[in-house]
Each structure stands twice: as structure tokens, then as C-alpha cells.
Amino acid sequence: MLQQLVMDSAGAAVGVFLGVLIGLGMRKRKGNTEGLLADSVLLTASAAAGLALVVMMAFRYFLY
């Protein structure tokens, strides 16, 4: 059951990861590093994707 939840929710996590990676990458190039975890775009994007995965899994578990 858990594997199915992860597989169903992975698309949202990948989309969030790519979006945050692109957005924060452009923002860091301009010199604005405020709000990044450990001054790392990759770490921040990974954390956002992990959070998105957990939230989507919870939505799918409780709403379907």
C-alpha cells in the first residue's frame, strides 16, 4: 500500500523539485540567497520535493 501511494504521488514531487530547482537557481544567480537551506539550491529543492511527496501521499490516503 505504501509503495502504491509513493508511486501515485511521485509525479507531483518531481514537478515541485524541478520547478523549485529552476526558480531558486535563477534567484541565486541574481545574488539573492535568502531562504535557502544551508545556502544550497539543491538541498532546498529536495526538501520541497520531499514535503510535496508527503502531502500528496496524505491527500491520496485520506481522500481516496
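Attention in this report is confined to the structure presented alongside it. Note that the structure is predicted; figures quoted are calculated from it, not measured.

Parameters at a glance
Residues numbered from 1 in each chain as written. Predicted model: local features only at pLDDT ≥ 70, side-chain atom pairs only at ≥ 80, totals over all residues. Heavy atoms only, no water. Helix = DSSP H or I, 4+ residues; strand = E, 2+ residues; numbered from the N terminus. Rg over C-alpha atoms; globule rule 2.2 N^0.38 Å. Buried < 20%, exposed > 50% of the residue type's maximum accessible area, 1.4 Å probe, protein only. Areas by Shrake-Rupley, 256 points an atom, 1.4 Å probe, with all protein chains shown as cover. Expected span 1.5 Å × (residues − 1). Bend = angle between axes of the 7 residues up to and from the residue.

Observations concerning the overall build of the protein
And step 1. From N to C terminus, the protein includes two helices and zero strands.
And step 2. Over its C-alpha trace the protein gives a radius of gyration of 14 Å, far above what one expects of a compact globule, namely 11 Å for 64 residues.
And step 3. By principal-axis analysis of the C-alpha atoms, the protein measures approximately 45 × 15 × 15 Å.
And step 4. Across the 64 residues in the protein, those meeting the buried criterion constitute 17%.
And step 5. As displayed, the protein has an accessible area near 4,600 Å², and 69% of this comes from carbon and sulfur atoms.

What to know about unusual backbone geometry
And step 1. Unusually for a residue other than glycine, Ala38 sits at a positive phi of about 55°.
And step 2. Structurally, the position occupied by Ala38 is in the loop between α1 (2-29) and α2 (41-63).
And step 3. Accessibility expressed as a relative area gives 69% for Ala38, which makes it exposed.
And step 4. A positive phi angle is found at Asp39, which is not glycine, with a value near 60°.

Describing α1
And step 1. Under the 1.5 Å per step criterion, the end-to-end length of α1 is 38 Å for 28 residues, consistent within 8% with the ideal 40 Å.
And step 2. When the local axis directions of α1 are compared, the greatest deviation, roughly 45°, occurs at Ser9.
And step 3. Looking one or two residues beyond α1, the residue adopting positive phi is Gly31, at roughly 100°.

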